[in-house]
Amino acid sequence: MSTFTVLNPATEQTVATVPSASAEETDAAIARAVAARTGWREVAPGERAALLRAFADAVDAHIEELAGLEVACSGHPVGQARWEAGNVRDVLRYYSAAPERLCGRQIPVPGGVDVTFKEPVGIVGLIVPWNFPMPILGWGLGPALAAGNPVIAKPAERTPLTAVRIAELAREAGLPDGVFQVVAGKGSVAGQRLVDHEAVRKIVFTGSTEVGRQIMAGCARQVKRLTLELGGKSANIVFADADLQRAAASAPQAVFDNAGQDCCARSRILVQRSVFDRFMAMLEPAVKRVAVGDPASPVTEMGPLISAEHRERVASFVPADAPVAFRGHAPDGPGYWFAPTVLAPVRPDDPAYTEEVFGPVVAVVPFEDEADAVAIANDTPYGLSGSIWTENLGRALRVARAVETGNLSVNSHASVRYWTPFGGFKQSGLGRELGPDALDAFTEAKNVFIATEE
Ligand code: TAP
């Protein structure tokens, strides 16, 4: 039996050794989901809603345990990890209202009536990355189950423990056998099997754009339904008329949250040239104030990177001659630490400016006017997130409409909210998660014509 070792990224100590699911074990999970499929779609809507609420309550009762696992497995600060477990609970509760509102339509047609049904799409494979193991699992799981689909989740190799525990809580809450399973295995084995197996009718993949492309090609062979949530290189645009103090105070959170291992990281700060120096003077103390350290401490704001390999990759974006304007702090000793790092001025071809770093590194660049800001913001193959700082409401709306990205905030660093659709433009993905329409991605519309003429 092959296994993988889960390391605590803050201590480099072993947390657990987990069996790695083979292709055959993944097939067995798929067979159990096939057996559960009809029973789950036939559960009465009110009962399915009650089961989702019970599942949410079970997660709620285990927030501390789940947060503790994520602190150990991912190095997330404990306050953040509690929020992440709470997000799973909230998303399950939000979508527990959906089964009883899964309404079709009645369409007037000649010779009869046509009614539509939203049918469950079938077995759903959720392939989850290591950066937000709990929320990203929940965003697919809640609506997929609410729509009447069995779900098989494949967590990332480095961070399987919370998903495994959440699946146990689902069973304890009364979800029938085979309705929600977790296969902890390699992407190239268990993940690939979910993509290749004909009984899996939909894949929800969150991860790198590179692997997303391969998954899309795999799904194309079977015309398999697919949602892709991929990489980002988002802009935080600060106009001269903004409340600069607020913009500078929140910029570190927008990029250094989760140690920058965030698809929504606003890793390019674009600042209007006339206030560039003032903004940098305000940004420096804000970056130096970021509390980096022991993830188990309630005052910690930023933990380590996920692994030694990932730290090496992040460090490659900051070579010895990099234009480092200033840095924050990071502990010495064991752990995959990397201090928050601000680069300026950067060349337009600097990889730290053009590529997704997925670490606590931000490039700050000046712009001249509104048109210039929009052109720079859009000069990337990605389009996931973004923020705009200005006191001019008209400008805020004009720029928000012009920036080619899926999720924007004005005078705020907020990114994902479960009430609103989330997803990317361009190479940041395909389809939307969350929000009131999320069940559309987990159902097929069926129309039935009923003749009324004799
Ligand atoms: P990836 O290396 O792409 O891995 C993501 C998931 O895919 C993991 O579970 C991985 O399993 C699995 N996988 C790898 N190869 C596979 C294959 N051939 N078939 C099926 N599954 C496969 O990404 P990552 O490094 O974990 O995460 C970082 C990336 O995710 C960043 O680019 C980030 O921007 C993106 N991300 C995007 C979003 C949204 S919402 N747009 C959110 C978070 C992260 P293993 O762990 O076993 O390799």
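What this report covers is the structure whose coordinates are included nearby. From a predicted model like this one, the values you see are computed outputs, not experimental measurements.

## Comments concerning the overall build of the protein chain
In step 1: Of regular secondary structure, the protein chain possesses 14 helices and 18 strands.
In step 2: Over its C-alpha trace the protein chain gives a radius of gyration of 23 Å, about what one expects of a compact globule, namely 22 Å for 454 residues.
In step 3: Counting only C-alpha atoms and orienting by the principal axes, one finds that the protein chain spans roughly 80 × 60 × 40 Å.
In step 4: Relative to its full complement of 454 residues, the protein chain shows a buried share of 57%.

## Topic: unusual backbone geometry
In step 1: Here the residue pair A344 and P345 is connected by a cis peptide bond, since its omega of -5° sits within 30 degrees of zero.
In step 2: Structurally, P345 is set in the loop between β13 (341-343) and α12 (351-354).
In step 3: Unlike most non-glycine residues, E12 shows phi in positive territory, near 65°.
In step 4: Here E12 shows up in the loop between β1 (3-7) and β2 (14-19).

## Focus: the nonpolar core
In step 1: By size, the foremost hydrophobic cluster in this structure holds 57 residues, and its most contacted members are I237, V238, I269, F279, L283, V342 and V364.
In step 2: Setting aside its immediate chain neighbours within four residues, F279 contacts V238, L244, A247, A248, A251, I269 and V271.

## As for the site of the ligand
In step 1: Near the ligand, the surroundings consist of 30 residues, among which V128, G187, S208, L230 and E356 are the closest.
In step 2: Here an oxygen atom of the ligand sits 2.7 Å away from a polar atom, N or O, in the main chain of G187.
In step 3: In the environment of the ligand, an oxygen atom lies 3.2 Å from a nitrogen or oxygen atom belonging to the backbone of G207.
In step 4: Burial of the ligand by the protein chains amounts to 88% of its free accessible area of 920 Å².
In step 5: Only α7 (187-196), β8 (200-206) and α8 (209-221) provide two or more residues apiece to the shell around the ligand.

## A look at helix α10 (residues 276-288)
In step 1: Spanning 13 residues, α10 covers 18 Å between terminal C-alpha atoms, matching the ideal 18 Å at 1.5 Å per step.
In step 2: Taken together, the buried positions of α10 are F276, F279, M280, M282, L283, A286 and V287.
In step 3: The inward-facing, buried residues of α10 abut β10 (235-238), α9 (244-256), β11 (268-272), β12 (324-327), β13 and β14 (361-367).

## Section: a nonpolar patch on the surface
In step 1: A cluster of nonpolar residues, F117, V448 and I450, forms a patch on the protein surface that exposes about 230 Å² of accessible area.
In step 2: With respect to the element layout, V448 can be found in strand β18 (residues 443-451).
In step 3: A relative accessible area of 30% places V448 in the partly exposed class.

## Considering the side chain of S20
In step 1: In this structure, S20 sits in the loop between β2 and α1 (23-42).
In step 2: Leave out the neighbours within four places in its chain, and S20 touches S2, T3, F4, E25, A184, G185 and K186.

## Quick notes on the pattern of salt bridges
In step 1: All told, the structure shown has 23 salt bridges when counted by the stated rule.
In step 2: The partner of R89 in a salt bridge is D60, and the shortest N-O contact between them spans 2.7 Å. Here R89 is found in helix α4 (residues 78-96), whereas its partner D60 is found in helix α2 (residues 45-60), with 29 residues between them in sequence.
In step 3: In this structure R89 comes out as buried when scored by relative accessible area, which is 19%.
In step 4: Here D60 falls in the partly exposed class, since its relative accessible area comes to 34%.
In step 5: Notably, a salt bridge pairs E65 with R165, separated by 2.7 Å at the nearest N-O pair. Linking E65 in helix α3 (residues 63-74) with R165 in helix α6 (residues 161-172), this pair joins segments that are 100 residues apart in sequence.
In step 6: Since its relative accessible area comes to 35%, E65 is described here as partly exposed.

## Describing the sheet that holds β11
In step 1: The strand order β12-β13-β14-β11-β10-β15-β16 describes an open sheet built from seven strands, whose pairing is mixed. Every interior strand has two partners, whereas the edge strands, β12 and β16 (407-410), have only one. For this sheet, the mean angle separating the axes of adjacent strands, direction not counted, is 20°.
In step 2: Both β10 and strand β15 (residues 385-389) contribute to a ladder of four bridges, which runs parallel. Bridge assignment links A235 to a residue of β15, and that residue is G386.

Cut-offs and rules
- Residues numbered from 1 in each chain as written.
- Predicted model: local features only at pLDDT ≥ 70, side-chain atom pairs only at ≥ 80, totals over all residues.
- Heavy atoms only, no water.
- Helix = DSSP H or I, 4+ residues; strand = E, 2+ residues; numbered from the N terminus.
- Rg over C-alpha atoms; globule rule 2.2 N^0.38 Å.
- Buried < 20%, exposed > 50% of the residue type's maximum accessible area, 1.4 Å probe, protein only.
- Core = buried A, V, L, I, M, F, W, Y, C linked by side-chain atoms within 4.5 Å.
- Contact = heavy atoms within 4.5 Å.
- Near = heavy atom within 4 Å.
- Polar contact = N/O pair within 3.5 Å; in protein donor to acceptor, adjacent residues only side chain to side chain.
- Areas by Shrake-Rupley, 256 points an atom, 1.4 Å probe, with all protein chains shown as cover.
- Expected span 1.5 Å × (residues − 1).
- Patch = residues over 30% accessible without salt bridge, like charges linked within 9 Å, V, L, I, M, F, W, Y side chains within 5 Å.
- Salt bridge = Lys/Arg side-chain N within 4 Å of Asp/Glu carboxyl O.
- Pairing = 2+ DSSP bridges.
- Axes fitted to C-alpha atoms, helices over the stretch in contact; angles between N-to-C directions.

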